Amino acid sequence: RLVGMLKYFRNHFVSHLTECKRRRSRLVSKDGRCNIEFGNVEEQSRFVFLVDIWTTVLDLRWRYKMTIFISVFLGSWFLFGLLWYIVAYVHQDLPEFNPSANHTPCVVNINGLTSAFLFSLETQVTIGYGFRCVTEQCAMAIFLLIFQSILGVIINSFMCGAILAKISRPKKRAKTITFSKNAVISKRGGKLCFLIRVANLRKSLLIGSHIYGKLLRTTVTPEGETIILDQVSVDFVVDTGNENLFFISPLTIYHVIDKNSPFFHMAADTILQQEFELVVFLDGTVESTSATCQVRTSYIAEEVLWGYRFAPIVSKTKEGKYRVDFHNFGKTVEVETPHCAFCLYNEKDAKAKAKAKMGYDNLGFQLQEVNETIHTKM
């Protein structure tokens, strides 16, 4: 029993390491994130990210964006508070200078750095002045008031616009588009097909939807060059084509495995030995915002089930409504499937040749008996 337990844990550990290695080697995760990093980027290329500051801010994660948001506002308030304190210090408005009774300060009721910070906050966020206000005594104070007001509007516009733009990005709409965890290979319409299922979890449609795929694998050219992540186009269609999908209910899209397909030379017992990654893309326009979004997912050899089809998911109720049961969204049913596409096409060719060699019955032909008399001379 102890030996059996050790063998079980060893197999479990090996399978876990294999699974971790497979996840690391995956280019696109199931939720569409790309597993790639850039190394040895020149410093001049890094400066380009600061030139395109808007896209850089939009691509930041929320924790970094909120840190920048808070830091920019607090930093600008403190910086201008320090400038207001310098104005009061230069004009000798502070209590330590013991101003005379008829002294008119640049800013009324600034007694130190704290009160200068509060006045800066009131000015930039346009709260309104009650206890502190600028007088006409100092032209420098008036200029600083105008400059802070204009800069405050710019900061508010940029930061609030960045927050709103990140919230409304179509990438979030892509979260409500889901693909089946596994892909299947089975016959459809007399042809061997690679099938996946995709669903729109919202009732709003994606306008002008278009779906396609890229098969990623390592290939070696006749010249001996090894190409990592070599891309091969894979066409996906539904029964009405691959353009302008009517995405009101889950769709089963398929790729016909013909002689031009990269899956043509794969078989049921060899597909798990293949090293490939099929990345599927769905492009469309969000109906409510008219923004273009893209949804991505990927399938590797272990996630392709040969000889299965998807279980039915759409039914009609007694009230005449169509019901989508997402409990069966990823379920598969085993069906009879050819061992490989090459076998299927050979079988079809053999049947076509056999049929060509056979005769054809003429239904209009009538058989008549003829009596023949044999004369024999003696």
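This text goes with the structure placed above it.
What you see is a predicted model; the values in this text were computed from it and never measured.

**Overview of a nonpolar patch on the surface**
So, point 1. Where nonpolar side chains cluster on the molecular surface, the patch consists of Phe 78, Leu 79, Leu 82, Leu 83, Ile 86, Tyr 89, Val 90 and Leu 113 and spans about 720 Å² of accessible area.
So, point 2. No other element matches the seven residues that helix H4 (residues 62–90) contributes to the nonpolar patch.
So, point 3. When you line up the elements, Leu 83 lands in helix H4.

**Some points on the packing of aromatic side chains**
Aromatic rings considered in pairs are described by the distance between their centres and by the relative angle of their planes.
So, point 1. Using the criterion set out here, one finds 13 aromatic pairs in the structure.
So, point 2. Arranged with centres 5.7 Å apart and planes meeting at 80 degrees, the rings of Phe 263 and Phe 276 form a pair that is edge-to-face. Taken together, the positions of Phe 263 in the loop between strand E6 (251–256) and strand E7 (277–286) and Phe 276 in the loop between E6 and E7 put the pair 13 residues apart, joining distant regions of the chain.
So, point 3. Three or more aromatic residues link up through ring pairs in this structure, and these residues are Phe 194, Phe 236, Phe 263 and Phe 276.
So, point 4. Note that Lys 30 overlies the ring of Tyr 299, its terminal NZ or CZ placed 4.0 Å from the centroid.

**Here's the deal with the side chain of Arg 26**
So, point 1. By the secondary structure assignment, Arg 26 is in the loop between helix H1 (2–24) and helix H2 (43–51).
So, point 2. A polar contact is formed between the side chain of Arg 26 and the side chain of Ser 298, at a distance of 2.9 Å.
So, point 3. Not counting residues up to four positions away in its chain, the partners in contact with Arg 26 are Asn 35, Glu 277, Ser 298, Tyr 299, Ile 300 and Glu 303.

**Examining the pairing of E7**
So, point 1. Burial runs high along E7: nine of the 10 residues are buried.
So, point 2. With nine bridges connecting them, strand E4 (residues 206–220) and E7 associate as antiparallel partners. Bridge pairing in E7 links Lys 214 to Val 279.
So, point 3. Counted between consecutive antiparallel strands, the loop separating E7 from strand E8 (residues 292–300) contains five residues, among which Ser 290 sits at a positive phi close to 60 degrees.

**Comments concerning helix H5 (residues 113–124)**
So, point 1. Between the first and last C-alpha of H5 there are 16 Å, a value that for 12 residues agrees with the 16 Å anticipated at 1.5 Å per step.
So, point 2. Of all the positions in H5, only Ser 115, Ala 116, Phe 119, Ser 120, Glu 122, Thr 123 and Gln 124 are classed as buried.
So, point 3. Note on H5: the residue one or two positions beyond its end, Thr 126, has a positive phi of about 50 degrees.

**So, the state of the cysteines**
By definition, a disulfide is the covalent link that joins the sulfur atoms of two cysteine residues.
So, point 1. According to the stated counting rule, one finds one disulfide in the structure shown.
So, point 2. In this model Cys 106 forms its disulfide with Cys 138; the gap between the sulfur atoms is 1.6 Å. Looking down the S-S bond of the Cys 106 and Cys 138 bridge, the torsion is -55 degrees, so its handedness is left-handed. With Cys 106 in the loop between H4 and H5 and Cys 138 in the loop between H5 and helix H6 (139–167), this residue pair connects regions lying 32 residues apart in the sequence.

Rules of the game
Residues numbered from 1 in each chain as written. Predicted model: local features only at pLDDT ≥ 70, side-chain atom pairs only at ≥ 80, totals over all residues. Heavy atoms only, no water. Patch = residues over 30% accessible without salt bridge, like charges linked within 9 Å, V, L, I, M, F, W, Y side chains within 5 Å. Areas by Shrake-Rupley, 256 points an atom, 1.4 Å probe, with all protein chains shown as cover. Salt bridge = Lys/Arg side-chain N within 4 Å of Asp/Glu carboxyl O. Helix = DSSP H or I, 4+ residues; strand = E, 2+ residues; numbered from the N terminus. Phe/Tyr/Trp six-rings, centres within 6.5 Å; stacked < 30°, edge-to-face > 60°. Lys NZ or Arg CZ within 6 Å of the ring centre and 35° of its normal. Polar contact = N/O pair within 3.5 Å; in protein donor to acceptor, adjacent residues only side chain to side chain. Contact = heavy atoms within 4.5 Å. Buried < 20%, exposed > 50% of the residue type's maximum accessible area, 1.4 Å probe, protein only. Pairing = 2+ DSSP bridges. Expected span 1.5 Å × (residues − 1). Disulfide = S-S within 2.5 Å.

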